[in-house]
Amino acid sequence: MSGAFTDEHEEIRRYVRQWLDERAPIDVVRKTMETEAGFNPSLWSDLGELGWLGMALDEDFGGGGLGFMELAVVAEEMGRTLFPSPFLSTVVIGAGLVAGVATKEQSRSILPDVAGGALRLAAAVAPAARVSVAGTEVDGGWRLTGEAGFVLDGHTADLLIVEAGVAGESRLFLVEMGAEGLEARPDSVLDLTRPMARVSVEGTPARPLGEGDEDVEAAREEMVVRAVGALAMEQVGGAQACLDLSVEYAKDRHQFGRPIGSFQAVKHMCADMLVEVESARSAAYHLAWAIDHDPGEARIAAPLAKAYCADAYYRAAASTIQIHGGIGFTWEHHAHLHLKRAKSGQLLFGDSVYHRTRLADRLGIG
């Protein structure tokens, strides 16, 4: 068993980091997060041309045929720069559900456009969203009625995957943006770099995703494992960025004629951050490896990584603000952007208490 990244992975990392530093520095992030869409369509198209959106998709469906570890490298670097995009909602969650549930014909009609950046997906599926939708068969077709909240990038998606109750069971449906009776409006969120929407459907036409006899619970579980894996990698990248910011400031900022990094309290804060960041990295990297190589182990590693990485990122972001002092609380400094991303990430897909409980249950110690 090895969670180590290869030379090829590190080459991907170097290229992704260079591209993000050049094309999406913090001033671009700030401008993008304040737009109504919450992402830059031009940069999103570039990601498709670079092959990042389809790298983990099957080659038969226009993808690169790579694994989750390659996808994880991209997620980590996006977390480091707070890059605002529908990468998590479209590539990790949406495309993952389609690849796991859809018929081959549906996959051929959807996934190549996802890989090329021409189609964005959003999932109104629990626990990624809070869903209360019912499906009814009408004249040989399907109609959906209900509401879903906290749908990642739901107002800018081209195609929605909606979970609906049918005769006491859950089924997944595809709904085109702009369909009759569909309304998707942005929610007020703490983290502007990760927009969410409230989606309502009222007799909205939909088509089933898959043949209709799929195990939705199993598909949901696989979705959560992959989503948590990508999120944990983002959180490692964000926590590392906070540590780097703190160490740089502690060396440059002087008080009483000496760098503040020479003071014991600041030293201890930076040392604690380093230990937590490295521990979070180990948990996230192990999960990324397990998703590719050992699905059974991934079910154990996922709640562990989600709980630890989320809390480590939040503590790193909070410590960064404290080390920076007064300037750390200002809108002009981007430490608060990491704090908001960290707090929203703690709650996404369930908080740390929820995932520790899941871990204990799976280990048989609950």
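In the block above lies the structure referred to throughout.
Definitions and cut-offs
- Residues numbered from 1 in each chain as written.
- Predicted model: local features only at pLDDT ≥ 70, side-chain atom pairs only at ≥ 80, totals over all residues.
- Heavy atoms only, no water.
- Buried < 20%, exposed > 50% of the residue type's maximum accessible area, 1.4 Å probe, protein only.
- Helix = DSSP H or I, 4+ residues; strand = E, 2+ residues; numbered from the N terminus.
- Pairing = 2+ DSSP bridges.
- Core = buried A, V, L, I, M, F, W, Y, C linked by side-chain atoms within 4.5 Å.
- Contact = heavy atoms within 4.5 Å.
- Polar contact = N/O pair within 3.5 Å; in protein donor to acceptor, adjacent residues only side chain to side chain.
- Salt bridge = Lys/Arg side-chain N within 4 Å of Asp/Glu carboxyl O.
- Expected span 1.5 Å × (residues − 1).

Student: Lay out the pairing of strand β1 (residues 121-124) with the relevant residues and their values.
Tutor: Side-chain alternation along β1 places Leu 121 and Ala 123 on one buried face and Ala 122 and Ala 124 on a second face that is also buried. Direction of pairing for β1 relative to strand β4 (residues 159-166): parallel, over a ladder of 4 bridges. Paired with Ala 122 across the two strands is Leu 160, which belongs to β4.

Student: Pulling in residues and values, what's your account of the nonpolar core?
Tutor: In this structure, Phe 87, Ile 93, Leu 97, Leu 287 and Phe 349 are the most contacted members of the largest nonpolar core, which totals 78 residues. Sort the elements by how many residues they give to this core and helix α7 (residues 216-252) lands first, with 12 residues. If sequence neighbours within four positions are ignored, Ile 93 has contacts with Leu 88, Ala 123, Leu 152, Met 223, Ala 227 and Phe 349.

Student: Got a sec to walk through unusual backbone geometry? Specific residues and values, please.
Tutor: With an omega of 0°, the peptide bond between Ala 126 and Pro 127 qualifies as cis. As for its position among the elements, Pro 127 is in the loop between β1 and β2 (130-138). A positive phi angle, near 50°, is found at Asp 139, a position not held by glycine. Turning to its location among the elements, Asp 139 is positioned in the loop between β2 and β3 (141-152). Backbone geometry places Asp 153, a non-glycine residue, at a positive phi of 55°. Along the chain, the position of Asp 153 falls in the loop between β3 and β4.

Student: Go over the side chain of Gln 346 with me, naming the residues and quoting the values.
Tutor: Mapping Gln 346 onto the fold places it in helix α10 (residues 335-347). Within the structure, Gln 346 has its side chain in polar contact with the side chain of Asp 311 (distance 2.8 Å). If we skip the residues at most four places from it in the chain, Gln 346 touches Gln 235, Lys 306, Ala 310, Asp 311, Tyr 314, Asp 351 and Ser 352.

Student: Quick rundown of the pattern of salt bridges? Include the residues and the values.
Tutor: One pass over the structure, following the stated rule, counts 26 salt bridges. The partner of Arg 23 in a salt bridge is Asp 46, and the shortest N-O contact between them spans 2.9 Å. Of this pair, Arg 23 sits in helix α1 (residues 7-23) while Asp 46 sits in helix α3 (residues 41-50); the two residues are 23 residues apart in sequence, bridging distant segments of the chain. Since its relative accessible area comes to 17%, Asp 46 is described here as buried. Glu 278 is the salt-bridge partner of Arg 281, the closest N and O atoms lying 2.7 Å from each other. Of the two residues, Arg 281 and Glu 278 are both situated in helix α8 (residues 264-293); the distance of 3 residues between them amounts to about one turn of the helix.

Student: I'd like a rundown of helix α11 (residues 352-363), residues and numbers included.
Tutor: Every α-helical turn comprises 3.6 residues, leaving residues that sit three or four positions apart pointing alike. Its 12 residues give α11 an end-to-end C-alpha distance of 16 Å, which sits within 8% of 16 Å, the value for a rise of 1.5 Å per residue. Along α11, the residues classified as buried are Ser 352, His 355, Arg 358, Leu 359 and Ala 360. The inward-facing, buried residues of α11 contact α7, α9 (295-324) and α10. Near the N-terminus of α11, the side chain that reaches the backbone nitrogen of Val 353, with its oxygen 3.3 Å away, is that of Asp 351.

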